[in-house]
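For reference, the chains in residue letters:
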Amino acid sequence: MKFMIALLVMGILTQNFTLAKFLGICPFLGVSKKLNTAVGMSLAVIFVMLLATAVTYPLNMFLEAHDLVYLQTIVFILVIAALVQMVEIVLKKYVKSLYNALGIYLPLITTNCAVLGVVILNIDNISAYSAYGFGFGHAMVSSFAAGAGFMLAMVLFAGVRSRLETADVPKSLEGLPITLIAAAIVSMSFLGFTGIVEGMGLL
Amino acid sequence: MAEKKKYNYGRELTKGFLRENPVLRLVLGTCPTLATSTSVVNGVGMGIAATIVLICSNIAISALRKVIPSKARIPAYIVVIASFVTIVQMLVKAFVPALDESLGVFLPLIVVNCIILGRAEAFAGKNPVLVSAVDGLGMGIGFTAALFCMGAVREILGAGTFLAGIDTMIGGFVDLNGFTGFDFTEGLSRTGLAPMTVFILPAGGFFTFGVIMALANRLADRKGLPKAELRGCEGCPHAAVCGRSECAAEETKETADAVKPSADKKPAADEPPKETDAAAPAGNDGKEADAQ
C-alpha cells in the first residue's frame, strides 16, 4: 500500500510525466490553450494509458515466455494503435456521451509518446522495483499516476497560458518561445517536490 | 506521382538543416529534444540514432509507396518505422551500451517521434527513393544539429563540461588518446562559481529550448520568414487522422468551442493526404541558433 502511494506521488509530483520526464510535450504545448480541451485531452490520455497498460502487461509476459522481448516496440505500438481505433469505434457506437467527450482526442493519442512511454516504463519498472514486487496492480497505479500527472501539468499550464495571451512580451519571444519559458517556470516549481517520497518514508 | 519532376538534391538536403529545421522551425520531436539534450554527447547520440531510422524508413516507405494502400498507410508506416527502431535499438545496445543507458526509454520512443512519421507522411510516401533518402538525411542532420545546440548550451552552463562522456560513446571505435571531454568546473570553482545545475534539470531544458527558438525566430524574422509555430498539422502525422479543421482552428486560437467534437465527422484514417510537403515557406535561411 505504501508503495502504491509512493508510485502515485512520484507519478504526479516528483517525476511528473510531462514536466520532469518530457513525455507528451506535443499535446502539452498544443492542446493546453483552453482549459476544457486540456481536461478532455488529459482524460482521454488517462483512459488510454490505463487501457494500454492493462493490455500490454500480460502481453509482455507472453513475449518473455516465448523469448520474443526484442519485438516489444513493434508489438506494443501496433497493439496500442489497434486498441485505440477499436475503442473509438466501440465508444462511438455504444457510449455516445463518452465518445463526444473524448472521441476527438483518441486518434491523436495513438502515436503519442506518453502512452508508449508509460507502457515501456512500466515494463522497466518490473525489474527496477523488483524489491517491492512490482506487479500488474502497481503497473496500473503508476499508469494512472502518469496520466494524472499529465492532467495536472496540462490544467496548470492552461491557466498560465490564458494569462500569457494578454501579456506584453518581446517580439522575438512571442508565441512558442514564451510558452516554453513559462513551461520552464512551471517545471521549476515542481522541483520543489523533490525528496517528498523519501521524506514521507514511502520508499 | 511526381516521377518526371526534377529534384534539387542539394536543396532537399539543406532544407532540413536550415529553412525547415524539424525542431526549431517545424517544432517536431520536442520530447526527445528536451529529454536527451542534457549533454552534447547524449543529444548527438539521439540525433544520430533518429537519423539512421529516418533515412532507412524513408527509403523503405518510399520504395513501398505504390504498394501501401492509402487507407492503411499510417499503420504500415508505423510497422516499418518500428522495425528500424528495433534494429537500431539492438545495435545501440550491442555497440554503445552507454548511450542505451542514457537515452533510456527515448530510444524505443523514436518510433513515435513526430519527425519520422511526419516525413513518411509528408515526403517519403509521395516521392521517389533517392530523394526521400536525401530528405531523411537532411532532416536527420537538422535534428542532430538542433540537439547539438541545445546540448552544448545546457551542458556548458549546467554541468560546466563540454563533450563529457565522449569516450564512452565513440571510444570503442576511435582512438581518442584519453580525451574525455572538456571540463571547466575546476577553473570555475577557482573563481568561486559553480555550474548552474538547473540547466540540466527539466526546467532548464524548457528554458533553453525557448531561448534558442526565440533566436531562431529572430533570425527568421530578419529573413522575412514567419516565426516557428506549433503547427502540428503541417508535419504532424496525426493530421490525416485527426480532422484538420479542428486542429487548424485550435492553432489559430479561434473560438472557444473550436474543438467541439463533431460527432458526424469521424476523424477517420481514410481521408486522403491533404498536405503537400510539410512546407515551411520557402526562403533562404531559417538559420540555426548559435551554440555558443
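Residues numbered from 1 in each chain as written. Chains lettered and ligands numbered in written order. Predicted model: local features only at pLDDT ≥ 70, side-chain atom pairs only at ≥ 80, totals over all residues. Heavy atoms only, no water.

A.B. asks: Whenever I open this one, the overall build of chain A confuses me. Can you help?
C.D. replies: Helix and strand content of chain A: ten helices and zero strands. Going residue by residue from the N terminus, the α and β elements of chain A occur as α-α-α-α-α-α-α-α-α-α. Against the compact-globule benchmark of 17 Å for 203 residues, chain A has a radius of gyration of 18 Å, which places it among compact chains. The principal-axis extents of the C-alpha atoms in chain A amount to approximately 60 × 50 × 30 Å. Out of the 203 residues belonging to chain A, those deemed buried represent 54%. Contacts spanning at least 24 positions in sequence make up 78% of the contacts within chain A whose residues lie at least 6 apart. Across chain A, the centroid of the 10 positively charged side chains sits 12 Å from that of the 8 negatively charged ones. (Helix = DSSP H or I, 4+ residues; strand = E, 2+ residues; numbered from the N terminus. Rg over C-alpha atoms; globule rule 2.2 N^0.38 Å. Buried < 20%, exposed > 50% of the residue type's maximum accessible area, 1.4 Å probe, protein only. Contact = heavy atoms within 4.5 Å. Lys, Arg positive; Asp, Glu negative; His and termini not counted. Charge placed at Lys NZ, Arg CZ, Asp CG, Glu CD.)

A.B. asks: So what exactly am I meant to see when it comes to a nonpolar patch on the surface here?
C.D. replies: On the surface, Ile87, Leu91, Phe95, Ile170, Phe173 and Val174 of chain B cluster together into a nonpolar patch covering about 570 Å² of accessible area. As for its position among the elements, phenylalanine 95 of chain B is in helix H4 (residues 73-95). (Patch = residues over 30% accessible without salt bridge, like charges linked within 9 Å, V, L, I, M, F, W, Y side chains within 5 Å. Areas by Shrake-Rupley, 256 points an atom, 1.4 Å probe, with all protein chains shown as cover. Salt bridge = Lys/Arg side-chain N within 4 Å of Asp/Glu carboxyl O.)

A.B. asks: Can you walk me through the state of the cysteines in this structure?
C.D. replies: Formally, a disulfide is one covalent bond, and it connects the sulfur atom of one cysteine to the sulfur atom of another. Within this structure, the stated rule accounts for zero disulfides over all chains. The thiol of cysteine 113 of chain A is unpaired, and the distance to the nearest cysteine sulfur, on cysteine 31 of chain B, comes to 3.2 Å. (Disulfide = S-S within 2.5 Å.)

A.B. asks: Help me understand the pattern of salt bridges in this model?
C.D. replies: Where charged atoms from two side chains of opposite charge come close, those side chains can pair. On inspection of all chains with the given rule, the structure shows five salt bridges over all chains. Aspartate 221 of chain B serves as the salt-bridge partner of lysine 171 of chain A, at 3.1 Å between the closest nitrogen and oxygen. On the criterion of chain membership, the pair formed by lysine 171 of chain A in the loop between helix H8 (136-164) and helix H9 (176-191) and aspartate 221 of chain B in helix H10 (residues 202-222) is interchain, its members lying in two chains. Of the charged contacts, one joins lysine 15 of chain B and aspartate 135 of chain B as a salt bridge, the two residues approaching to 2.9 Å between their closest N and O atoms. Residue lysine 15 of chain B is located in helix H1 (residues 9-17), and its partner aspartate 135 of chain B is located in helix H7 (residues 129-158); the two are separated by 120 residues in the primary sequence. Three or more residues joined by partner-sharing salt bridges are found here, namely Glu12, Lys15, Arg119 and Asp135 of chain B.

A.B. asks: I would appreciate a short explanation of the interface of chain A and chain B in the present structure.
C.D. replies: Interfaces are frequently sized by the accessible area removed from exposure as the parts join. Residue-level contacts link 52 residues of chain A with 55 residues of chain B. Both sides together, the interface formed by chain A and chain B hides about 4,700 Å², and carbon and sulfur atoms give 74% of it. Our count for the chain A to chain B interface comes out at one salt bridge. Secondary structure elements with two or more residues in the side of chain A that touches chain B: helix H2 (25-30), helix H3 (35-65), helix H4 (72-94), helix H5 (96-102), helix H6 (106-110), helix H7 (113-128) and H9 of chain A. (Buried area = accessible area lost by both parts, 1.4 Å probe.)

A.B. asks: What am I meant to see in the nonpolar core here?
C.D. replies: Side chains of nonpolar character tend, in soluble globular proteins, to be buried together. Among the nonpolar cores identified, the biggest contains 121 residues, and Phe28 and Leu116 of chain A together with Ile110 and Phe206 of chain B are the most heavily contacted of them. Apart from residues no more than four positions distant in its own chain, phenylalanine 28 of chain A is found in contact with Thr18, Leu19, Ala153, Met154, Phe157, Arg161 and Ala183 of chain A together with Phe206 of chain B. (Core = buried A, V, L, I, M, F, W, Y, C linked by side-chain atoms within 4.5 Å.)

A.B. asks: Even after reading the chapter, I still don't get the side chain of arginine 73 of chain B, so can you show me in this structure?
C.D. replies: Residue and element names in this part refer to chain B. Within the element layout of this structure, arginine 73 appears in helix H4. The buried category is assigned to arginine 73, whose relative accessible area is 5%. A distance of 2.8 Å separates a polar atom in the side chain of arginine 73 from a polar atom in the side chain of glutamate 121. (Polar contact = N/O pair within 3.5 Å; in protein donor to acceptor, adjacent residues only side chain to side chain.)

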